[in-house]
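Examination of the molecular architecture
Each chain, letter by letter, is given below.
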Amino acid sequence: MDENINEVISDLKSYLEYLKGMGIHSLPISGTVRGQPNPSRVMTLEEVRKELGDCKRCKLHRTRRTIVFGEGNERATLMFIGEGPGYDEDVQGRPFVGKAGQLLTKIIESIKLSREEVYIANIVKCRPPQNRNPEPEEIERCNPFLMKQILVIQPKIICALGTFAAQTLLKTGSKISDLRGKMFDLEGIKVIPTYHPAFLLRNPERKREVWEDMKKIAELIKTQ
Ligand code: SF4
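All values reported here derive from a predicted model rather than from experimental measurement.

In the neighbourhood of the ligand, the contacting residues comprise L52, C55, R57, C58, L60, H61, R64, K125, C126, R141 and C142. According to the grid-proximity analysis, the pocket containing the ligand is the largest cavity. For the shell around the ligand, a count of residues per class yields six nonpolar, one polar and four charged.

Below, the structure written as structure tokens:
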């Protein structure tokens, strides 16, 4: 019995350390038991959005038009996380609405789901100027809000789209080409990295690999 309690305490400690490392110092959820349904979510996505406010936590706020918070089903089983908003997203305030977004919609529909059934977000919520890569400090400032979104939604599966999403979520420096096709664990959530739709637009010959990853996700969803 003591051994069991020690195991639970050590598990809890490492989870809290993990959250601290992601910049989260208070939990939006009460009464959560890992791996169990959580009927007492005390924070909603609307409240996370309210807390984000007219965010000026990193320098991306200076050049953005709109904050692209994320959209979709607050109870989604599957969440897609990309890199950051581009021009169209910045103008419309919605994630993945440009050409890459249209391809993502097709990818989602290929496994018989709709955009409304999943949740779509990005590593950073404001457009990096000229679509440059987000900088480590920008990712660090924005990440606590993405983590809170994940805590509220509690997806079973996250599909990380591209290098920055995969590297940030998995805390690794590995290349997306080495990560895709594999499955990882993020505190009980299955993370499946795949190529970013924008990369597929430039390299259509890689679509087959994404299709393989999506088939894996579709199979996983059936077991949830
Ligand atoms: S990218 Fe994130 S942290 Fe930076 S200003 Fe936008 S919302 Fe705030």
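This part covers empty space enclosed by the protein. With the rule as written, the count across this model stands at one cavity of 30 Å³ or more. Size it by volume and the largest cavity reaches roughly 100 Å³. By residue number, the principal contributor to the lining of the largest cavity is helix α5 (residues 136-153), which donates three residues. Here the lining of the largest cavity is composed, by residue class, of eight nonpolar, one polar and five charged.

The phi dihedral of K112 falls on the positive side, at around 60°, and the residue is not glycine. The residue K112 is located in the loop between α4 (99-110) and β3 (119-122) in this model. For K112, a relative accessible area of 75% translates into the label exposed. Although it is not a glycine, N131 adopts a positive phi angle of roughly 55°.

Our next topic: the environment of G173. One can find G173 in the loop between α6 (163-170) and α7 (176-179). According to the relative accessible area criterion, G173 is exposed, its value standing at 66%. Taking the C-alpha atoms as reference points, G173 and T163, separated by 10 residues in sequence, lie 9.0 Å from one another.

Analysis parameters
- Throughout this description, residue numbers start from 1 for each chain and increase along the sequence as written.
- Only residues with pLDDT of 70 or above have their local features reported here, since the model is predicted, and side-chain atom pairs are shown and tallied only from 80 upward, although totals for entire chains, interfaces and linings are computed over all residues.
- Only heavy atoms go into the side-chain values, all of them from the structure, while hydrogens and water stay out.
- By convention in these notes, a residue is near a molecule or strand provided one of its non-hydrogen atoms lies within 4 Å of it.
- Here a cavity denotes grid points, spaced 1 Å and computed from the protein atoms alone, that fit a 1.4 Å probe unable to get out, and a pocket denotes an open set having protein on both sides within 12 Å along at least 5 of 7 lines; residues with an atom within 4 Å of a point are the lining.
- For a molecule to be placed in a cavity or pocket, more than half of its atoms must lie within 2 Å of the grid points of that cavity or pocket.
- When residues are sorted by character, Ala, Val, Leu, Ile, Met, Phe, Trp, Tyr, Cys and Pro go into the nonpolar class, Asp, Glu, Lys and Arg into the charged class, and all the rest, Gly among them, into the polar class.
- Grid points are joined across faces, edges and corners, and a volume is the space filled by probe spheres set on the points.
- The way it works is that DSSP assigns letters per residue, a run of H or I at least four long becomes a helix, a run of E at least two long becomes a strand, and they are numbered from the N terminus.
- Burial classes follow relative accessibility: with a 1.4 Å probe on protein chains only, a residue under 20% of its type's maximum area counts as buried, one over 50% as exposed, and anything between as partly exposed.

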